[in-house]
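Read off the chains here:
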Amino acid sequence: MKRIDLHTHAKLSKTFPFAPRAVWQFIARSKRLGLDGVALVEHLHAVDYWGIHEALRREFRYRDADGVYEGPDGFRLLSGAELSILEGCDLIVLGTVRQLQALDAALAEPPTGGYRPPFDEAIAAVRRVGGFVAGAHMFRPGKELAKVGLPRLAALDALEFNGKDFTMDDRVSAEATRLGLPIMGGSDAHFWAQVGIKATVLPIGEITQASVASAIRDGLASVASQPYGPLAVQISGAYKRIAKTQRARAALPGAHARSSSRAVAGLSEVAGQAR
Ligand SMILES: [Fe+2]
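In short, a report on the structure. These numbers come from a predicted model, not from an experiment.

**Considerations on the overall build of the chain**
1) Next: When helices and strands are counted, the chain shows eight helices and eleven strands.
2) Next: The C-alpha atoms of the chain give a radius of gyration of 18 Å, which matches the 19 Å a tight globule of 275 residues would have.
3) Next: Dimensions of the chain, computed from C-alpha atoms along their principal axes, come out at roughly 60 × 40 × 35 Å.
4) Next: A burial count over the chain gives 45% of its 275 residues as buried.
5) Next: The long-range share in the chain, meaning contacts at least 24 apart out of those at least 6 apart in sequence, stands at 70%.

Here it is, written out as structure tokens:
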């Protein structure tokens, strides 16, 4: 049995630079919670999406065939991406780095350049490259997947129980049953404190793209939630807001900016120590 948080972001914010330290914090938190892996599904339109993978390859060995970065003690980091689509909602794509590169090239324009494909184009491209695609946070206000048209959602591989939308699992479950889709779960963490508040539990012996996708498609996934999830979401949200404010202040000219920059560094230190 393997427990995997299938929705994490390596960056605190789409506009922030990537810091490998954040992934090490995710791993440390995950191990404390008894997780065996996480999927790193940064937004494709985040600043320098491919730079994240270049940095990860310097940090971890990547097994191309399995589509996983090898963390310490058998911990696995699945490669993936969150793809925003024209209808105003988001999909979670899991695939090897090669499949993700092929996806970036298979759409009318690269999503890493900000292109948002319509749902049908996105699904067709994911199928062409052989990836796995799930509907993210189905009922989040403003990002409702229903905007796509409910019957068309049956083209997905799964629907997601999302860590930020902790009151909506029953509605997602009912919709998945109606559509004949399996479910999976992820935290939607951008910060270590939120990692693992939802995890997908799969009866598999090894974490690979193929084993995870096929177990979910076969309806073998269950989702485990941590009771402190809502608190972790609040803490992580507050940290993100503070960090964004500090970063904006640090960009200002003058002495105040320099002191704010030091404050950001201090904030990161505190976060690191608190994990
Ligand atoms: Fe997300």
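**A few points about the nonpolar core**
For soluble globular proteins, the rule of thumb is that nonpolar side chains tend to be buried together.
1) Next: Core analysis: the largest hydrophobic core is formed by 75 residues, its most contacted members being Ile 4, Leu 91, Val 93, Ala 134 and Leu 159.
2) Next: Looking at this core element by element, the count peaks at five residues for helix 4 (residues 119–129).
3) Next: Ile 4 has contacts with Leu 35, Asp 36, Gly 37, Val 38, Ala 39, Ala 199, Thr 200, Leu 202, Ile 207 and Val 212, leaving out every residue within four places of it along the chain.

**What to know about the pairing of strand 10 (residues 198–202)**
For a regular strand, the rule is simple: side chains alternate between the two faces of the sheet.
1) Next: Burial of strand 10 is extensive: four of the five residues sit out of reach of the surface.
2) Next: Here three bridges tie strand 1 (residues 2–8) to strand 10, and the two strands are oriented antiparallel to one another. Across the sheet, Arg 3 pairs through a bridge with Val 201, a residue of strand 10.
3) Next: Relative to strand 11 (residues 222–225), strand 10 runs antiparallel, the two sharing four bridges. If you follow Val 201 over to strand 11, its bridge partner there is Ser 222.

**Considerations on the packing of helix 3 (residues 97–106) against helix 4**
1) Next: One way to put it is that helix 3 packs onto helix 4 with a least axis distance of 9 Å and a crossing angle of 140°. Taken as axis vectors, helix 3 and helix 4 run oblique relative to one another. For the crossing formed where helix 3 meets helix 4, the hand is right-handed. Mapping the contact onto sequence places Gln 99, Ala 102, Leu 103 and Ala 106 in helix 3 and Ala 125, Val 126, Arg 128 and Val 129 in helix 4.
2) Next: Among the residues forming the contact of helix 3 with helix 4, the class breakdown is six nonpolar, one polar and one charged.

**Some words on helix 2 (residues 49–59)**
1) Next: Along helix 2, the positions that sit buried rather than exposed are Tyr 49, Ile 52 and His 53. The buried residues of helix 2 occupy one face: seen down the axis, they fall within an arc of 95°. For helix 2, exposure combined with an orientation more than 90 degrees from the buried face picks out Gly 51, Glu 54 and Arg 58.
2) Next: Contact partners of the buried residues in helix 2: helix 3.

**A word on helix 1 (residues 20–32)**
1) Next: With 13 residues, helix 1 should reach 18 Å at 1.5 Å per residue; the first-to-last C-alpha distance of 19 Å fits that figure.
2) Next: Within helix 1, burial applies to Ala 22, Val 23, Gln 25, Phe 26, Ile 27, Arg 29 and Ser 30.
3) Next: Positive backbone phi, approximately 80°, marks Gly 34, located one or two places after helix 1.

**Details of unusual backbone geometry**
1) Next: One non-glycine residue with positive phi stands out, namely Asp 73, at about 55°.
2) Next: When you line up the elements, Asp 73 lands in the loop between strand 4 (68–70) and strand 5 (76–84).
3) Next: Of the residues examined, Asp 73 has 8 C-beta atoms within 10 Å and is grouped as exposed.
4) Next: Not every positive phi belongs to a glycine, and His 137 is a case in point at roughly 25°.
5) Next: Residue position: His 137 is located in the loop between strand 7 (132–135) and strand 8 (158–162).

**Concerning the environment of Arg 128**
1) Next: Secondary-structure assignment places Arg 128 in helix 4.
2) Next: As a C-alpha pair, Arg 128 and Ala 106 span 22 residues in sequence and 8.2 Å in three-dimensional space.

**Brief notes about the environment of Ala 10**
1) Next: By the element assignment, Ala 10 lies in the loop between strand 1 and helix 1.
2) Next: Put simply, Ala 10 and His 190 are 180 residues apart on the chain and 6.4 Å apart in space, counted from C-alpha to C-alpha.
3) Next: Apart from residues lying up to four places away in sequence, Ala 10 is in contact with Phe 18, Ala 22, Val 23, Leu 40, Glu 42 and Ile 52.

Basis of the calculations
- Residues numbered from 1 in each chain as written.
- Predicted model: local features only at pLDDT ≥ 70, side-chain atom pairs only at ≥ 80, totals over all residues.
- Helix = DSSP H or I, 4+ residues; strand = E, 2+ residues; numbered from the N terminus.
- Rg over C-alpha atoms; globule rule 2.2 N^0.38 Å.
- Buried ≥ 20, exposed ≤ 12 C-beta atoms within 10 Å, placed from the backbone.
- Contact = placed C-beta atoms within 7 Å.
- Core = buried A, V, L, I, M, F, W, Y, C linked by C-beta atoms within 7 Å.
- Pairing = 2+ DSSP bridges.
- Axes fitted to C-alpha atoms, helices over the stretch in contact; angles between N-to-C directions.
- Parallel < 35°, antiparallel > 145°, perpendicular 65-115°, else oblique.
- Left-handed = near helix turned anticlockwise from the far one by under 90°.
- Nonpolar A, V, L, I, M, F, W, Y, C, P; charged D, E, K, R; others polar.
- Arc of directions from axis to C-beta.
- Expected span 1.5 Å × (residues − 1).

The values reported here are purely geometric and, on their own, carry no functional implication.
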